[in-house]
Amino acid sequence: MSYDDSFMFNMAEVHLCCVLLLFICSVFSFPTARHSICGYKSCPATKPSMLNVHLVPHTHDDVGWLKTVDQYYYGDRNNIQHAGVQYILDSVVDQLQKDPARRFIYVETAFFYRWWRQQSQNTQRIVTQLVNEGRLEFINGGWCMSDEATTHYSAVIDQMTLGLRFLNDTFGECGRPRVAWHIDPFGHAREHASIFAQMGYDGFFFGRLDYQDKARRMKTKEMEMLWRASESLTPPLADLFTGVLPNGYSPPEGFCWDQSCDDAPIRDDPDLEDYNVDEIVQKFLNASYKQAAVYKTNHIIMTMGSDFQYENANLWYKNMDKLIKYVNALQAKGSQVNVLYSTPSCYLQELNQAKLTWPLKTDDFFPYADDAHDFWTGYFTSRPALKLYERLSNSRLQTCNQLEVLGGPKSRSGPFGEGDSDTMKRAMGVAQHHDAVSGTEKQHVANDYARRLATGWAHCEVLVQNSLSVLSGSEAPRVFCENLNISVCPLTESSLKVVALSKSTQKLRRNRGYAKGELVFQVEAPPLGYSTYIISLLRDDPPVARPEPSVPHSIQNKFLKVTFDDTTGLLKSLTNLETQQTIQLTQNFYWYNASAGNNKESYQPSGAYIFRPNSSTPFIINKTADIQIVTISNTVQEVTQWFSPWVSQVVRLYAGRRELELEWTVGPLPIKDGLGKEVITRLDTDIKSSGYFYTDSNGREVLERRKDYRPTWELKQTEPVAGNYYPINSRAYIKDDKHQLTVVTDRSQGASSIYNGSLEIMLHRRLLYDDFRGVGEPLSELGEFGDGLVARGRLLLTLTPPDMAADAHRPLAQGMVLQPLLSFQDGTPSASTKLEFSGLQAALPPAVHLLTLSQWDNDSVLIRLEHQYQAKESKTHSQPVTVNLQKLFSTLEVLGASEMSLGANQWKEDMNRLQWNTEKTAKALPLSERDPSPWEVTLNPMEIRTFLLWVRQL
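What counts, and where the lines are drawn
Residues numbered from 1 in each chain as written. Predicted model: local features only at pLDDT ≥ 70, side-chain atom pairs only at ≥ 80, totals over all residues. Heavy atoms only, no water. Helix = DSSP H or I, 4+ residues; strand = E, 2+ residues; numbered from the N terminus. Buried < 20%, exposed > 50% of the residue type's maximum accessible area, 1.4 Å probe, protein only. Areas by Shrake-Rupley, 256 points an atom, 1.4 Å probe, with all protein chains shown as cover. Lys, Arg positive; Asp, Glu negative; His and termini not counted. Charge placed at Lys NZ, Arg CZ, Asp CG, Glu CD. Pairing = 2+ DSSP bridges. Axes fitted to C-alpha atoms, helices over the stretch in contact; angles between N-to-C directions. Contact = heavy atoms within 4.5 Å. Core = buried A, V, L, I, M, F, W, Y, C linked by side-chain atoms within 4.5 Å. 1 Å grid on protein atoms, 1.4 Å probe; cavity = no way out; pocket = protein on both sides within 12 Å on 5 of 7 lines; lining within 4 Å. Points joined across faces, edges and corners; volume = space filled by probe spheres on them. Nonpolar A, V, L, I, M, F, W, Y, C, P; charged D, E, K, R; others polar. Disulfide = S-S within 2.5 Å. Parallel < 35°, antiparallel > 145°, perpendicular 65-115°, else oblique. Phe/Tyr/Trp six-rings, centres within 6.5 Å; stacked < 30°, edge-to-face > 60°. Lys NZ or Arg CZ within 6 Å of the ring centre and 35° of its normal. pLDDT = per-residue confidence, 0-100. Expected span 1.5 Å × (residues − 1). Salt bridge = Lys/Arg side-chain N within 4 Å of Asp/Glu carboxyl O.

J.: I keep staring at the overall build of the protein and nothing clicks. Help me out?
T.: From N to C terminus, the protein includes 17 helices and 43 strands. If one aligns the C-alpha atoms of the protein with their principal axes, the spans along those axes are about 95 × 75 × 55 Å. Counting the 954 residues in the protein, one finds 61% classified as buried. Summed over its atoms, the accessible surface of the protein is roughly 36700 Å², and 51% of this surface lies on carbon and sulfur atoms. Between the centroid of the 95 positive side chains of the protein and the centroid of its 110 negative side chains there is a distance of 2 Å.

Written out as structure tokens, the structure reads:
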């Protein structure tokens, strides 16, 4: 790296040049070996004239599933599942030293990080040598192997960055993964592929693929393809070579040699009665030729391992050594099969060197089904409370990161003690796992994920208090009132004067709290800052008696009008008063009766993974809604609807807002009737949607969906409801030529449009049977009181012309993800307290979002700026935008800047990805704008740019 074109710096002080050079070295202190031959240079030789079979020894170590993360690492509670990750790594490292030909890949950095810290210096030296020789290779490299349906892109980027930084700091360039590896997630999102491409990965391999899609691809030899993962980014920025593994992530049948397997070992003593070398070799040749028949090159990959395997690695390697020996010995007799130890990156390199033309993929891989009635679409909604808690925790982590930077060194060590953001980063990293936020873990594991997030926030809370004391000049303790969603906050319930601080409330009471009412007022917080409000109790009068509730005809502000049906109490219409648009809109709640069964062979039941209603027609909870409360004030208008003892909703319209809020409360779901329930809300309109609807991909780009249709194969629909469900992370919408109804959600959920003009969202699930996919228990959360979980959430509705919709739903969705953090202080602030603060010199342009601001080293911070609009979706904002890095922050002087990959483990200028040929040319896109000057960076639609800034506190 030549710093003159990678770094931009201020030469106002001559000595800065020397400091800067030291800074460059300290940011990436790459550990090196004299003879590092890692990466593609370390790949074993192959034989061009033969069928090369790449054996990839691997283990798949879930970061929690049937056991907690700790239990899996230590090998505890083996009565649930025999698994001990520490022993796997011990055994593999021992076996790799015995033969230089042996290879192994490892994926889950959360486990490796823990193991590495417990090793002696001698073991660390041995492992470093194995890494430098390319014999132990890190694949994927994130803190976990994240879920792809229920994760938000910001949290995915964070957890990948966390893992990649540890590998980079520990092993340097040889620790950098070249290949993304998602062998177990249950469907694959286009945004994930885009993220991987922008992080510099050369390829992506996964294991699970819809059974119909896989059958077609096998026939047409399209198991490997080029995935064009963005409609906005100019190719090949988001292009990613993608391969479907042949056996999920297991070895071919008959070739599993782990202690957990029953397959016969290779018995190669010819004097033995059960000598089986010839049988094993022939069986392997048959499997190889069968696999090669559905792939395009003379190279095939075999995944030699599975869940938590290699605890006794000797069993695997001893048998694979023999397999390689005896299969390759036949080459002397004319065999054309060559077997070798390999890695996914070495296999990928061979595919690249074949110089073939590959099919193009532009949609995604949802929904996933492994059989005709087995659609894995239930987990889009499973454990709705955990999904919301993870989303709120992400918001808190961003606040924690930002305040750590803005408050400076005293944030970590200040008047409130020692605080840190690292604990929350690791907790959020674990929460992205494909059996965590997905909701597909055992109940005790879900509890552990929530506990980790709570512990992470406790550490962050100290940091936040320290930072706010620095920025405000007040060391008065702050309270964060974590139960405001159920109107519980002892400080505000008892104090006569409260200081409320908002950075940038709801009701469920079961004999908890003493709040007599709610205070609602509008606030504004400056960008990347806070505002302080003083609340005083003037008179302690009893609550004013409410008038008898009546069904309101309508509520409205200057932007929206909502009408209700006089007879049913349900929504009737929605009007945008600015555009003079009106749609008929009815909203109600329903439940699907979950299919039940005691065994998969007789009937596939709904479970944590699978959604299978026993009828395509859901039961309506109530045809009418009782109006309990009507509140009309200058700030907010509320209508509370009761549909049953376990379903209610508050319809809210705030003054000056262009969206309608629906706050739903569902639960405890009754099961005394012996029926599992999967609860939806359905919005029925007169929009002529023609079977089309739209869902987001991990909170970013939007994909078109069509009922009973897949863009890349002819679908034989066997489940008319579950087979049309898709994940939404932040929004879904339906539209016609004139109207677009967009729904923004507060967590990941499943959604569909079963009828024209209709949009349904699954809110809650409680089931009585396991779905036989490994969890081994029904998804029936008991909640705090043991009678079932109560879930509460918000939907925001906008009605606009289609060409104006993004201007509304993009900022709304960001506001849902990054919610203001409220803190409270008792008493009156002193005269010296700074009541308002902004960390930015000025608000960013509307199209630009500060995605990341976090401390990197003592004198450097990591920032990500993103363009949050897609190309052509907004007349106003789908244009390039330029931001000056030196003029960003109010409290930081930016002295130097260097652009990095999205994963922050490479300098941007050093990214050099493999290039691929595809059968189709790219769509014509506007040329990317170039940066007008070294300090001014231009963002094109959907572009994320990552910078390391060398800063000084002002």
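Next, the rest of the story.
J.: What's the story with the sheet that holds strand β10 (residues 337–341) in this structure? I'm lost.
T.: As a general point, the strands of a sheet are linked pairwise by backbone hydrogen bonds and lie either parallel or antiparallel. Here three strands make up an open sheet; going across it, the order is β9-β2-β10 and the pairing parallel. Edge positions in the sheet fall to β9 (299–304) and β10, since each of these pairs with one other strand and no more. Averaged over neighbouring strand pairs, the angle between their axes works out to 25° when direction is ignored. Bridge count between strand β2 (residues 51–57) and β9: six bridges; the pairing is parallel. Its bridge partner lying in β9, Asn52 is registered against His299.

J.: Which parts of the structure should I look at to understand the packing of helix α4 (residues 85–96) against helix α11 (residues 313–329)?
T.: Pairs of packed helices are described in terms of their axes, by the angle between the two and the distance that separates them. Between α4 and α11, the least distance of the axes is 9 Å, while the angle of their chain directions is 35°. Contacts from Ser91, Val92, Gln95 and Leu96 in α4 reach Ala313, Asn314 and Tyr317 in α11.

J.: Teacher, can you tell me more about the nonpolar core here?
T.: Among soluble globular proteins, nonpolar side chains are generally buried collectively. Counting residues in each nonpolar core, the largest one holds 123 residues, and the members touching the most others are Phe112 and Tyr310. Looking at which element gives the most residues to this core, the answer is α11, with eight residues. Discounting residues that sit within four places of it in the chain, Phe112 has contacts with Leu89, Tyr106, Val127, Phe138, Phe166 and Phe171. Of all hydrophobic cores here, the second largest spans 51 residues; its members include Val56, Trp181, Tyr201 and Ala229.

J.: Help me understand empty space enclosed by the protein in this model?
T.: Unoccupied space between atoms shows up once a probe the size of one water molecule is rolled over them. Approximately 90 Å³ is the volume found for the largest cavity. Forming the walls of the largest cavity are 14 residues, and the residues nearest its centre are Tyr153, Gly699, Arg731, Arg810 and Gln814. Listing elements by their share of the lining of the largest cavity, those giving two or more residues are α17 (805–817) and β38 (860–867). Per element, the largest residue contribution to the lining of the largest cavity is four residues, and it comes from α17. Residue classes in the lining of the largest cavity are distributed as four nonpolar, six polar and four charged.

J.: Just checking my understanding: could you explain the state of the cysteines for this structure?
T.: Here a disulfide denotes a covalent bond joining the sulfur atom of one cysteine to the sulfur atom of another. Under the criterion given, the structure shown has five disulfides. Put simply, Cys256 and Cys261 are joined by a disulfide, and their sulfur atoms are 1.8 Å apart. Between Cys400 and Cys460 runs a disulfide, and the two sulfur atoms are separated by 2.2 Å. Judged by the torsion about the S-S bond (-95°), the Cys400/Cys460 disulfide is left-handed. Of this pair, Cys400 sits in helix α13 (residues 384–407) while Cys460 sits in helix α15 (residues 443–472); the two residues are 60 residues apart in sequence, bridging distant segments of the chain. With a relative accessible area of 0%, Cys400 lands in the buried category. You can call Cys460 buried: its relative accessible area is 0%. Free of any disulfide, Cys144 has its nearest cysteine sulfur in Cys460, 18 Å distant.

J.: Please explain the packing of helix α10 (residues 277–292) against α11 as it appears in this structure.
T.: Packing of α10 against α11 leaves a shortest axis separation of 10 Å and a crossing angle of 80°. Judged by the angle between their axes, α10 and α11 are roughly perpendicular. Of the residues in α11, those touching α10 at Val277, Ile280, Val281, Phe284 and Leu285 are Leu323, Tyr326 and Val327. Here the residues of the contact of α10 with α11 sort into eight nonpolar, no polar and no charged.

J.: Mind showing me how you'd approach the packing of aromatic side chains here?
T.: Any aromatic ring pair is given by two values, namely how distant the centres are and how the planes are angled relative to each other. On inspection of all chains with the given rule, the structure shows 47 aromatic pairs. Taken together, a centroid distance of 5.6 Å and an interplanar angle of 40° make the contact between Phe112 and Trp115 tilted. Taken together, the residues Phe112 and Trp115, both in helix α5 (residues 109–117) and three residues apart, mark about one turn of the helix. An identical accessibility class is assigned to Phe112 and Trp115; each is buried. One cation-aromatic arrangement involves Lys296 over Trp358; the distance from NZ or CZ to the ring centre is 5.2 Å.

J.: Looking at this model, I keep getting lost on the confidence of the model for the protein. Mind explaining?
T.: Fine structural detail should not be taken from predicted coordinates in areas where pLDDT scores are low. With 92% of its residues at a pLDDT of at least 70, the protein reaches an overall mean of 92. Throughout residues 1–34 the model reports pLDDT below 50, and contacts reaching past four residues in sequence, or to other chains, amount to 67 contacts.

J.: Would you take a moment to explain helix α7 (residues 153–171) for this structure?
T.: Each turn of an α-helix holds 3.6 residues, which means side chains three or four residues apart point in the same direction. Across its 19 residues, α7 extends 27 Å between first and last C-alpha, which sits within 8% of the 27 Å expected from 1.5 Å per residue. Of all 19 residues making up α7, 17 are buried, and the element is well covered by its neighbours. Of the residues one or two after α7, Gly172 is the one with positive phi, at around 65°.

J.: Help me out: how do you make sense of the pattern of salt bridges in this one?
T.: Two side chains bearing opposite charge may form a pair once their charged atoms approach each other closely. Inspection of the entire model under this criterion finds 49 salt bridges. Salt-bridge contacts for Lys875 lead to Asp803; the nearest nitrogen and oxygen are separated by 2.8 Å. With Lys875 in the loop between β38 and β39 (881–884) and Asp803 in the loop between β34 (791–800) and α17, this residue pair connects regions lying 72 residues apart in the sequence. A residue is classified by how much of its surface remains accessible, and Lys875, at 65% relative accessible area, is exposed. The class of Asp803 is partly exposed, set by a relative accessible area of 35%. By sharing partners, the salt bridges in this structure join Asp70, Arg114, Asp448, Arg451 and Arg452 into a single network.

J.: Explain the pairing of β38 here, please?
T.: Each regular strand displays side chains that alternate between the two surfaces of the sheet. The buried count for β38 comes to eight of eight residues, which makes it a mostly enclosed element. Side chains of β38 alternate between two faces, with Ser860, Leu862, Arg864 and Glu866 and Val861, Ile863, Leu865 and His867 buried alike. Relative to β38, strand β37 (residues 848–857) runs antiparallel, the two being bridged by eight bridges. The partner of Asp857 across the bridge, within β38, is Ser860. Counting the residues in the hairpin turn of β37 and β38 gives two residues. Direction of pairing for β38 relative to strand β43 (residues 944–953): antiparallel, over a ladder of seven bridges. Paired with Glu866 across the bridge in β43 is Ile944.

J.: Mind showing me how you'd approach unusual backbone geometry here?
T.: Phi is mostly negative for residues that are not glycine, and the peptide bonds are mostly trans. Cis geometry marks the peptide bond from Pro235 to Pro236, where omega comes out at 5°. Take Pro236: it is sitting in the loop between β7 (224–228) and β8 (239–244). Along the chain, Gly667 connects to Pro668 via a cis peptide bond; the corresponding omega equals -5°. Of note, Pro668 is situated in the loop between β25 (660–666) and β26 (677–685). Even without being glycine, Asn140 reaches a positive phi, approximately 70°. Within the secondary structure, Asn140 is located in the loop between β4 (136–138) and α7.

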